[in-house]
Amino acid sequence: MKGDVVIIEDHHRRASAIIAGHLATEVRSRSRRTTISVAGESGSGKSETGKALVDAFEALGIPGLVLGQDDYFVLPPRSNDRARREDIACVGPQEVRLDWLDKHLAAARSGASEIRKPLVVYADDAIEEEMMALRGTRVVVVEGTYTTLLRNVDTRVFIARNRLETMEARARRAREPADPFIEEVLKIEHSIIAPHRARADVILSADYEVEFVR
């Protein structure tokens, strides 16, 4: 998302270095690109961990890039917020073009040299398009709330931090004003996302300790 604020801290880098080190041999031996998802609740550190993972792989000589789920929302941010306020029942995976994101991951896996993807421009409340070059990359990390649901993923990372534990991070990103309605949205998202932990291959605890479960 154009205009997003990503603040990578030591705990993001430390956990990402452990994950990249654990997966490096598998990634190098695979004949195609590897895809990794990073999921969790709002403010849990998905964007930061996604970027830190790519940095960690590149430090091992494995080029990568990040795809953000936020670019695949059906509506741009302020329009999406208005739709939610009109009908809170619309909150959920149906707000995102997950099928489109999955197709792009499938293309990456199959060796595509580039993809034409949406690009959300936060300040303009608009969705544009951009060409993303894939040539030379070995890892594609996709980060976002519902990315555990994607089919074309080799390794699923889940950040086990709930909305109460992520308040400070959300405030730093300054994307969500203090608003009781937003808290209701986050409660709904929590009920949807929490069960996704069972699908994960790697779990990051609230303190960013790394657990490999598969």
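Before reading on, note that the structure itself is shown above.
Residues numbered from 1 in each chain as written. Predicted model: local features only at pLDDT ≥ 70, side-chain atom pairs only at ≥ 80, totals over all residues. Heavy atoms only, no water.

**Student:** I'm lost on the overall build of the protein in this one. Help?
**Tutor:** The helix and strand tally for the protein stands at six helices and eight strands. Here the C-alpha atoms of the protein give a radius of gyration of 16 Å, agreeing with the 17 Å that 2.2 N^0.38 yields for 214 residues. The proportion of buried residues among the 214 residues of the protein is 50%. Here the protein has roughly 9900 Å² of accessible surface; of this, 50% comes from carbon and sulfur atoms. Considering the protein, the positive charge centre built from 32 side chains and the negative charge centre built from 35 side chains are found 5 Å apart. (Helix = DSSP H or I, 4+ residues; strand = E, 2+ residues; numbered from the N terminus. Rg over C-alpha atoms; globule rule 2.2 N^0.38 Å. Buried < 20%, exposed > 50% of the residue type's maximum accessible area, 1.4 Å probe, protein only. Areas by Shrake-Rupley, 256 points an atom, 1.4 Å probe, with all protein chains shown as cover. Lys, Arg positive; Asp, Glu negative; His and termini not counted. Charge placed at Lys NZ, Arg CZ, Asp CG, Glu CD.)

**Student:** When you look at the nonpolar core in this model, what are you seeing that I'm missing?
**Tutor:** Nonpolar side chains tend to gather and get buried jointly when the protein is soluble and globular. Leu 67, Leu 105 and Leu 150 are the most contacted members of the largest nonpolar core, which has 23 residues in total. Elements with a minimum of two residues in this core: strand S2 (64–68), helix H4 (98–109) and strand S5 (139–143). Top element by residues in this core is H4. It accounts for four residues. Excluding residues that lie within four positions of it along the chain, Leu 67 makes contacts with Tyr 72, Leu 101, Leu 105, Ile 115, Lys 117, Met 132, Val 140, Val 141, Val 142 and Glu 143. (Core = buried A, V, L, I, M, F, W, Y, C linked by side-chain atoms within 4.5 Å. Contact = heavy atoms within 4.5 Å.)

**Student:** I would appreciate a short explanation of the packing of helix H3 (residues 77–86) against helix H6 (residues 180–193) in the present structure.
**Tutor:** The angle between the axes and the distance between the axes are what describe a pair of packed helices. The N-to-C vectors of H3 and H6 enclose an angle of 85 degrees; their axes lie 11 Å apart at closest approach. When the axes of H3 and H6 are compared, the pair comes out roughly perpendicular. Along its contact with H3, which presents Asp 81, Arg 84 and Arg 85, the element H6 presents Phe 181, Ile 182, Val 185 and Glu 189. (Axes fitted to C-alpha atoms, helices over the stretch in contact; angles between N-to-C directions. Parallel < 35°, antiparallel > 145°, perpendicular 65-115°, else oblique.)

**Student:** Even after reading the chapter, I still don't get the side chain of Thr 145, so can you show me in this structure?
**Tutor:** In this fold, Thr 145 is placed in the loop between S5 and strand S6 (155–159). Thr 145 has contacts with Ala 39, Gly 40, Lys 46, Gln 69 and Ile 193, leaving out every residue within four places of it along the chain.

**Student:** Mind showing me how you'd approach H3 here?
**Tutor:** Because each turn of an α-helix spans 3.6 residues, side chains separated by three or four positions in sequence point in the same direction. Among the residues of H3, those classed as buried are Ser 79, Asn 80 and Arg 84. Viewed end-on, H3 has its buried residues packed into an arc of 140 degrees, placing them on one side of the element. Check the buried side of H3 and you find it contacts H6. (Arc of directions from axis to C-beta.)

**Student:** I would appreciate a short explanation of the sheet that holds strand S1 (residues 34–40) in the present structure.
**Tutor:** Think of a sheet as strands paired side by side through backbone hydrogen bonds, with each pair either parallel or antiparallel. The mixed open sheet is built from six strands, whose spatial order is S2-S5-S1-S6-S7-S8. The open sheet is flanked by S2 and strand S8 (210–212), the only strands paired with a single partner. On average, adjacent strands in this sheet sit at an angle of 20 degrees to one another, irrespective of strand direction. Looking at chain direction, S1 and S5 are connected through five bridges and run parallel. Directly across from Thr 35, in S5, lies its bridge partner Val 140. (Pairing = 2+ DSSP bridges.)

**Student:** Whenever I open this one, the pairing of S5 confuses me. Can you help?
**Tutor:** Residues in a regular strand project their side chains so that they alternate between the two faces of the sheet. The buried count for S5 comes to five of five residues, which makes it a mostly enclosed element. Here S5 shows two buried faces, one formed by Val 139, Val 141 and Glu 143 and the other by Val 140 and Val 142. Note: S2 against S5, five bridges, orientation parallel. Looking across to S5, one finds that Leu 67 is bridged to Val 142.

**Student:** What should I look at first to understand the packing of aromatic side chains in this one?
**Tutor:** Note on aromatic pairs: each is described by the distance of the centres and the angle between the planes. Throughout the structure, instances matching the rule amount to one aromatic pair. Between Tyr 72 and Trp 100 the ring centres are 6.2 Å apart and the planes differ by 90 degrees, which places this aromatic pair in the edge-to-face class. Taken together, the residues Tyr 72 in the loop between S2 and H3 and Trp 100 in helix H4 connect sequence positions 28 residues apart. On the basis of relative accessibility, which here comes to 28%, the residue Trp 100 falls in the partly exposed class. (Phe/Tyr/Trp six-rings, centres within 6.5 Å; stacked < 30°, edge-to-face > 60°.)

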